[in-house]
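Overview (structure and organization)
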Amino acid sequence: MATIIDGRAFAADLRARVGEAVAGLAARGVRPGLAVALVGDDPASGVYVRNKGKQTRAAGMNSFEHKLPADTGQDELLALVARLNADPQVHGILVQLPLPAHIDEAKVINAIRVDKDVDGFHFENVGRLSVGAEALPPCTPAGCLLLLRHQLGDLTGRHAVVIGRSNIVGKPVAQLLLRAHCTVTIAHSRTRDLPVVCRAADILVAAVGVPQLVKGDWVRPGATVIDVGINRVAAADLDAAGDAAGASGDAGASGDAGASGDAKPAGGATRLVGDVDFAAAQQVAGAITPVPGGVGPMTIACLLRNTLLAACRIHGIEAPAGL
Ligand code: NDP
């Protein structure tokens with residue numbers, strides 16, 4: 001049976017380490033601050049933003065929340081970003097995605113000061129990551145790498161297969177793995193013989209958004225499986241598919257649920273599952289992240305880490321060791 005990689009415990013430890021470093025900065029007169037802008041009233045985004053605020057304050061940082069109505073104009077949002085860019089109390093700026101359709105997401109993201117772009121989505125940060133320069137890495141991919149390093153140590157030479165090529169998960173995970181000297185294969189919806197591709201992986205990262213796509217026999221014996229997927233499904237569907245684990249009810253309070261942008265639907269038992277058939281893969285893998293409780297909690301922890309790193313860079317302070 002695979003080792004279960006406990007992302008919840010790792011994230012709690014990382015948040016505690018960030019908190020200690022924040023306390024250390026106080027002596028130098030620096031208190032990191034994270035500003036989050038939320039446009040509209042999507043309930044899942046609202047939960048996620050509240051969680052971010054709570055964890056930011058718990059780490060000893062300033063949290064600034066800007067809730068704007070759904071009909072906020074692009075210019076108004078850009079004006080807010082400009083104010084936050086200039087605000088010396090703000091070291092990290094995050095605009096919660098997705099934005100309403102009338103706003104050009106790329107324009108807003110690229111208006112954020114690069115050194116305050118704690119989501120790592122600014123095109124300059126994307127480019128810096130790809131050429132191997134210093135950059136704030138996107139949070140969920142950074143969380144995947146921290147879990148992998150914790151589990152495996154040096155990743156050099158390992159064959160990593162990433163399923164998914166989105167700009168927010170698949171591509172940056174692949175870049176980070178490449179930086180860690182893995183041999184990287186990126187698979188997507190047009191990949192032929194996906195099970196065969198996956199079976200070649202020492203490290204298999206699934207970032208797809210298709211419930212339990214990866215079957216047990218897609219996993220190479222002993223491989224490390226990182227399941228980024230967060231899918232809310234009706235428990236009855238899983239039971240019908242012979243899922244042995246059964247419905248666990250609501251996981252809505254966890255970071256995972258919020259990160260998915262997926263609100264719990266009214267009525268009917270549901271549960272969160274990943275992109276990997278956990279029960280089957282667990283029999284074959286060497287180590288595996290569960291859903292929930294794997295990658296999900298790492299996202300906000302890495303956001304706090306990025307905010308701390310941004311504050312250090314902005315104030316010309318060396319980043320604390322061990323983060
Ligand atoms: P996207 O929908 O943006 O990308 C999905 C990727 O999967 C695409 O590249 C797509 O290929 C590929 N894909 C879709 N279907 C298949 C298939 N049948 N076989 C192979 N590849 C396929 O999703 P995201 O990257 O934003 O998110 C992926 C998952 O991660 C979701 O479940 C999401 O909820 C979760 N997530 C979790 C986070 C966390 O904090 N843990 C944070 C962010 C996301 P193509 O490009 O060809 O269309």
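Cut-offs applied
Residues numbered from 1 in each chain as written. Predicted model: local features only at pLDDT ≥ 70, side-chain atom pairs only at ≥ 80, totals over all residues. Heavy atoms only, no water. Helix = DSSP H or I, 4+ residues; strand = E, 2+ residues; numbered from the N terminus. Rg over C-alpha atoms; globule rule 2.2 N^0.38 Å. Buried < 20%, exposed > 50% of the residue type's maximum accessible area, 1.4 Å probe, protein only. Contact = heavy atoms within 4.5 Å. Phe/Tyr/Trp six-rings, centres within 6.5 Å; stacked < 30°, edge-to-face > 60°. Lys NZ or Arg CZ within 6 Å of the ring centre and 35° of its normal. Pairing = 2+ DSSP bridges. Axes fitted to C-alpha atoms, helices over the stretch in contact; angles between N-to-C directions. pLDDT = per-residue confidence, 0-100. Near = heavy atom within 4 Å. Polar contact = N/O pair within 3.5 Å; in protein donor to acceptor, adjacent residues only side chain to side chain. Areas by Shrake-Rupley, 256 points an atom, 1.4 Å probe, with all protein chains shown as cover. Nonpolar A, V, L, I, M, F, W, Y, C, P; charged D, E, K, R; others polar. Salt bridge = Lys/Arg side-chain N within 4 Å of Asp/Glu carboxyl O.

**Observations regarding the overall build of the chain**
Looking only at helices and strands, the chain features 12 helices and 11 strands. Taking 2.2 N^0.38 as the reference for a compact globule, 323 residues should give roughly 20 Å; the C-alpha atoms of the chain span a radius of gyration of 19 Å, in line with that estimate. On the principal axes, the C-alpha backbone points of the chain span a range of 55 × 45 × 35 Å. Within the chain, buried positions represent 51% of all 323 residues. Summarising the internal contacts of the chain: among those between residues at least 6 apart in sequence, 72% fall at separations of at least 24.

**Description of the packing of aromatic side chains**
Under the defined criterion, the tally for this structure stands at zero aromatic pairs. When the ring centre of Phe10 is taken as reference, the NZ or CZ atom of Arg17 above it lies at 5.9 Å.

**Things to note about the sheet that holds strand 5 (residues 159-163)**
Judged by pairing direction, the sheet is parallel, and its six strands sit side by side in the order 1-11-8-7-5-6 without closing on themselves. At either margin of the open sheet sits one strand with a lone partner, and together these are strand 1 (3-4) and strand 6 (183-187). Pairing analysis gives four bridges linking strand 7 (residues 203-206) to strand 8 (residues 224-227), with the strands arranged parallel. Bridge pairing in strand 8 links Ile203 to Thr224. Strand contacts of helix 6 (residues 139-152): strand 1, strand 7, strand 8 and strand 11 (287-288), with the helix running at about 155° to strand 8, the strand carrying the most contacts. Sheet strands touched by helix 7 (residues 170-179): strand 5, strand 6 and strand 7. Its angle to strand 5, the strand with the most contacts, is close to 170°.

**Description of the confidence of the model for the chain**
Close inspection of predicted coordinates is inappropriate in any region flagged by low pLDDT. When pLDDT is averaged along the chain, the result is 92; 91% of the residues meet or exceed 70. Segment residues 243-263: pLDDT under 50, and 47 contacts once partners within four positions in sequence are set aside and those in other chains are kept.

**So, the site of the ligand**
If you check the shell around the ligand, you find 23 residues, and the closest are Arg165, Ser166, Ser189, Ile230 and Thr299. One of the side-chain N or O atoms of Ser189 is found 2.5 Å from an oxygen atom in the ligand. Val228 is positioned with one of its backbone polar atoms (N or O) 3.5 Å from an oxygen atom of the ligand. When isolated, the ligand has an accessible area of 940 Å², and the protein chains bury 72% of it. Looking at the shell around the ligand residue by residue, the classes come out as 12 nonpolar, 10 polar and one charged.

**Focus on the pattern of salt bridges**
A full pass over the atoms with the stated rule returns seven salt bridges. Close ionic contact of Asp13 with Arg17 constitutes a salt bridge, the shortest N to O distance being 3.0 Å. A residue pair is termed a helical-turn pair when its members lie 3 or 4 positions apart in one helix, as Asp13 and Arg17 do in helix 1 (residues 7-26) at four residues. On the basis of relative accessible area, Arg17 is assigned to the partly exposed category, the value being 26%. In this structure, Glu124 and Arg128 form a salt bridge, with 3.9 Å as the shortest nitrogen-oxygen distance.

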